[in-house]
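Here's the letter readout for the chains.
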Amino acid sequence: MDISKIAFLAFIALSGLCGLANATYKVGVGRADITGPPVEINFMGYANIKQVGRGIHTRVFARAFVVEDEKGNRVAFVSADAGMMGYGLKREVIKRLQARYGNLYHTDNVAISGTHTHGAPGGFLMHLLYDISILGFVPQTFEVMAQGLYLCIKRATDNLVDGRIFLSKTTVLNVNINRSPSSYLRNPEEERAQYEHDTDKTLTQLRFVDVENNLLGAFNWYAVHATSMNNTNRLVTSDNVGYAALLLEKEYNPNKMPGKGKFVGAFCSSNLGDVSPNIMGPKCSISGNECDLLTSRCPAGEGDCFASGPGKDMVESTQILGQRLSDAALGLLNEQSQESTAREVTGDVRFIHQFVDMPNYNGTAYNPLSRKIDKIRGCQPAMGYSFAAGTTDGPGAFSFAQGTTTDNPMWNFVRDFIATPTQEDIKCHEPKPILLATGRATFPYEWQPKIVSDQLLKIGDVIIAAVPCEFTTMAGRRLRNQIRAAASAVGGLDTEVIIAGLTNIYTSYTVTPEEYQAQRYEAASTIFGPHTHSIYMDVFERLTKALMRNETVEPGPSPPYMNDVMLSLNTGVLFDGHPINTDFGYVKTQPGKEYGINDTVKVTYISGNPRNNLFTEKTYFTVERKINEDRWKVAYTDASWETKMIWHRTNTILGFSELEIYWNISPQTLPGVYRIRHSGEYKYILGGKYPYEGLSHSFTVNED
């Protein structure tokens, strides 16, 4: 234990002697595996139909905290290593919670947020536009996520103890950049002058401890896309923020495998809409020249406009940024008392939630463009042309460019085959040219949500604003300021407002009215039109005032139940086979006899399809170290950063497949004798699934 840790513990102990260690809340944290089918299912995020899973780099997890005040008011917050959250999924989680706990948990007091990794299996959102590149709904993904989300809240509930909460903040540079700076510059100069950067650089942490000042968990909010791994990645990954969580948990769960241990550390999404982790900026992929600032296009022959991270490749970039985030969070946890920015969170727990029918919303709000009070209304959902252009994190297809404000007869003709926007829709969305009139599309079911979930969780003087989309930097700043001002005006409370992005239901992006005029990707994906942000400002101001007055609000219209109309083009596993003279688990490629630090071990097995058994809360393989003649100890699993699992179909007709396991020997690896064990299931051609196991020869890892 280093000196800073000792100092921090001394500070907490001194607080206890001064009478500050009395419990303010009951607090609990929990974690669960939500890794979906790692092969043959498309990933959610880039909408790239070629991005089909082939294995695992890291497992993905859901992490929860539960807080209850002295009066029994309770809230639960979940951060899931997922692209985003769908309401059908949340509805199922609430159903399972209520089957166990009655009405202790419900829609209003549970918030489920996605970290926005683009490297996890999709097919769980239940709206066609978001599942179409996944080839439809994937029941296996939905089920493992629903059970994992339920389980992490259950574990947090089971772990409830008397405790305290501390809030602290720090600045983290060299992790994010604004990927639409020309849009950001549309915001008023006097407003931009209030901020040093064009992205939020503040990491906000809630630290949970028990009455004996034992650290239970730390939840950290930071605005950055989890897109260090680009759309060529084919392995399940929690990306930069997920790696940061693994590092933080490893620090406080020594000698535990990833995903195990009492301490829970999460890195949660915030107003990341226009925020990229690819901090080296966009360049033309062939020439290396700068891309056009407004359109993010490159001249003919110079390639696509791609942004890159600080590493030599996307894996190293993920590692570098994850380390920076983890170090920042660890720094807050290890602050010495005289330097501490932490303050204790005190006060009651409250919550408020309302469903809002966005296309039918009518109200008034200040218009920053006209500088007067205007009527505001929502539009039927629609995606603009620049949506198809993609971003510098993942360019789109065809000839679409960001910043497009005019339409094209050919693409309008294609659009109208799916659904034709009305003249009112076209007028409502201006200056966005409509590429997909998703609000008018009904076949085979709803393409995008029309009803959104707006929610606030109050823990003392901290308010978590659960927003159902990706707010851009300035959109998030304005919302935080609006909520803070409303809380102060009504309740006289100076609050810390945290924006939790991609929560409860997913409705793409929200930009400021000024940014909407630029019609870059984020604006084209602001599906309810130019007043979207103004509506959210209006709704959340009203909800904040009601929250502070302890008033109830009308629940609003519930989103439609669509579980029974889901379609999918994904096929199940028919059967597995193996070549003659082999069996499942046969080691086709054995490891070498000796390895050194930074070497990579590779072992290949004859395998079944990993979709036969997801090994949830378990592992497809273990790297084991020999302790003595009779005992081996697990050193790494498929959740470890140092390992990778890649699956190949070698003969489709006969159902043959192979599994490659890679282990990169890090400098922290203990020397000794090792072996690699693979566990799986195969599906027999006449029916039934059967377990198998394969074990490699032992090999030696030498000291450096």
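Keep in mind the model is a prediction, meaning the values are calculated, not measured. (Residues numbered from 1 in each chain as written. Predicted model: local features only at pLDDT ≥ 70, side-chain atom pairs only at ≥ 80, totals over all residues. Heavy atoms only, no water.)

**With respect to the sheet that holds strand β28 (residues 496-500)**
- Spatially, β18-β25-β26-β28 is the arrangement adopted by the four strands of the open sheet, whose pairing is mixed. On the outer flanks of this sheet lie β18 (349-357) and β28, each paired with one strand and no other. Strand-to-strand, the axes of this sheet are offset by a mean angle of 15°, without reference to chain direction.
- Sheet strands touched by helix α11 (residues 473-491): β25 (451-459), β26 (462-466) and β28. Its angle to β28, the strand with the most contacts, is close to 140°. (Pairing = 2+ DSSP bridges. Helix = DSSP H or I, 4+ residues; strand = E, 2+ residues; numbered from the N terminus. Axes fitted to C-alpha atoms, helices over the stretch in contact; angles between N-to-C directions. Contact = heavy atoms within 4.5 Å.)

**With respect to the packing of α11 against helix α14 (residues 532-548)**
- As a packed pair, α11 and α14 sit with axes 9 Å apart at the nearest point and diverge in direction by 30°. Viewed along their axes, α11 and α14 adopt a mutual orientation that is roughly parallel. The two elements α11 and α14 meet at a crossing, and its hand is right-handed. The residues of α14 that touch α11, namely those facing Ala-475, Arg-478, Leu-479, Gln-482, Ile-483, Ala-486, Ala-487, Val-490 and Gly-491, are His-533, Tyr-536, Met-537, Phe-540, Glu-541, Thr-544, Lys-545 and Met-548.
- Of the residues assigned to the contact of α11 with α14, the class counts are 10 nonpolar, four polar and three charged. (Parallel < 35°, antiparallel > 145°, perpendicular 65-115°, else oblique. Left-handed = near helix turned anticlockwise from the far one by under 90°. Nonpolar A, V, L, I, M, F, W, Y, C, P; charged D, E, K, R; others polar.)

**Thoughts on the nonpolar core**
- With 120 residues, the main nonpolar core has Leu-149, Ile-153, Leu-456 and Trp-663 as its most contacted residues.
- Beyond its immediate chain neighbours, meaning those up to four positions away, Ile-153 contacts Ala-64, Val-66, Ala-76, Val-78, Val-93, Leu-97, Tyr-105 and Val-110.
- Grouped together as the second largest cluster of nonpolar side chains are 27 residues, Val-29, Val-67, Ala-111 and Cys-268 included. (Core = buried A, V, L, I, M, F, W, Y, C linked by side-chain atoms within 4.5 Å. Buried < 20%, exposed > 50% of the residue type's maximum accessible area, 1.4 Å probe, protein only.)

**Topic: the packing of helix α2 (residues 87-101) against helix α4 (residues 139-158)**
- Taken N-terminus to C-terminus, the directions of α2 and α4 make an angle of 45°; their axes are 9 Å apart at the nearest point. Taken as axis vectors, α2 and α4 run oblique relative to one another. Note that α2 runs across α4; the crossing there is right-handed. Where α2 abuts α4, its residues Gly-88, Leu-89, Glu-92, Val-93, Arg-96, Leu-97, Arg-100 and Tyr-101 lie against Phe-142, Glu-143, Met-145, Ala-146, Gln-147, Leu-149, Tyr-150, Ile-153, Lys-154, Thr-157 and Asp-158.

**Concerning helix α8 (residues 314-333)**
- Here α8 contains 20 residues, and its C-alpha end-to-end distance of 29 Å stays within 8% of the 28 Å for a straight helix at 1.5 Å per residue.
- Residues Ser-317, Thr-318, Leu-321, Gly-322, Leu-325, Ser-326, Ala-328, Ala-329, Leu-330, Leu-332 and Leu-333 constitute the buried set of α8. (Expected span 1.5 Å × (residues − 1).)

**Examining the UniProt feature "domain: Neutral/alkaline non-lysosomal ceramidase C-terminal" (unreviewed entry) in the protein**
- Look at the UniProt record and you will see "domain: Neutral/alkaline non-lysosomal ceramidase C-terminal" (unreviewed entry) annotated at residues 540-701.
- The span residues 540-701 is 6% helix and 41% strand, and its two end C-alpha atoms sit 58 Å from each other. (UniProt positions renumbered as here; feature names shortened; annotations may be inferred.)

**What to know about empty space enclosed by the protein**
- Within the structure shown, the criterion is met by five cavities of 30 Å³ or more.
- By volume, the largest cavity is sized at about 110 Å³.
- Together, 17 residues line the largest cavity, and Tyr-87, Gly-88, Leu-125, Met-126 and His-127 are the ones closest to its centre.
- Looking at which element gives the most residues to the lining of the largest cavity, the answer is α2, with three residues.
- Taken together, the residues of the lining of the largest cavity sort by class into 12 nonpolar, four polar and one charged. (1 Å grid on protein atoms, 1.4 Å probe; cavity = no way out; pocket = protein on both sides within 12 Å on 5 of 7 lines; lining within 4 Å. Points joined across faces, edges and corners; volume = space filled by probe spheres on them.)

**Examining a nonpolar patch on the surface**
- A surface patch of nonpolar side chains, amounting to about 550 Å² of accessible area, comprises Met-410, Phe-413, Val-414, Phe-417 and Ile-418.
- With respect to the helices and strands, the residue Phe-413 is situated in helix α9 (residues 409-418). (Patch = residues over 30% accessible without salt bridge, like charges linked within 9 Å, V, L, I, M, F, W, Y side chains within 5 Å. Areas by Shrake-Rupley, 256 points an atom, 1.4 Å probe, with all protein chains shown as cover. Salt bridge = Lys/Arg side-chain N within 4 Å of Asp/Glu carboxyl O.)

**Focus: the pattern of salt bridges**
- Summed over the entire model, instances satisfying the criterion amount to 38 salt bridges.
- The partner of Arg-164 in a salt bridge is Glu-344, and the shortest N-O contact between them spans 3.0 Å. Of the two residues, Arg-164 is situated in strand β8 (residues 161-171) and Glu-344 in strand β17 (residues 343-345); the sequence distance between them amounts to 180 residues.
- A salt bridge links Asp-348 to Arg-350; its shortest N-O distance comes to 2.7 Å.
- In this structure Asp-348 comes out as partly exposed when scored by relative accessible area, which is 25%.
- The class for Arg-350 is buried, based on a relative accessible area of 17%.
- Through salt bridges with shared partners, one network takes in Arg-31, Arg-63, Asp-81 and Glu-249.

**Some points on the pairing of strand β36 (residues 656-664)**
- Counting buried positions along β36 yields seven of nine residues, so the element is predominantly enclosed.
- Looking at chain direction, strand β32 (residues 600-606) and β36 are connected through seven bridges and run antiparallel. Residue pairing across strands places Thr-604 opposite Glu-660, the latter belonging to β36.
- The hairpin formed by strand β35 (residues 643-651) and β36 contains four residues between the paired strands, and Gly-655 there has a positive phi angle of roughly 75°.

**Some words on unusual backbone geometry**
- That bond from Glu-430 to Pro-431 is cis: its omega, 5°, falls within 30 degrees of zero.
- Checked against the element boundaries, Pro-431 lands in the loop between α10 (423-429) and β24 (434-436).
- For the bond from Phe-443 to Pro-444, the omega torsion is -5°, close enough to zero to count as cis.
- The phi torsion at Glu-617 lies on the positive side, around 65°, for a residue other than glycine.
- Along the chain, Glu-617 falls in the loop between β32 and β33 (621-628).
- In this structure Glu-617 comes out as partly exposed when scored by relative accessible area, which is 26%.

**Things to note about the state of the cysteines**
- Throughout the structure, instances matching the rule amount to three disulfides.
- What pairs with Cys-284 in a disulfide is Cys-298, and their sulfur atoms sit 2.2 Å apart. Looking down the S-S bond of the Cys-284 and Cys-298 bridge, the torsion is -105°, so its handedness is left-handed. One end of the pair, Cys-284, is in strand β15 (residues 281-284); the other, Cys-298, is in the loop between β15 and β16 (305-308), with 14 residues separating them in the sequence. Each member of the pair, Cys-284 as well as Cys-298, is classed as buried.
- Paired through a disulfide, Cys-379 and Cys-428 show a sulfur-sulfur distance of 2.0 Å. For the disulfide bridge between Cys-379 and Cys-428, the dihedral angle about the S-S bond is near -90°, and by the sign convention the bridge is left-handed. In this pair, Cys-379 is assigned in the loop between β20 (372-377) and β21 (383-384) and Cys-428 in helix α10, connecting sequence segments 49 residues apart. (Disulfide = S-S within 2.5 Å.)

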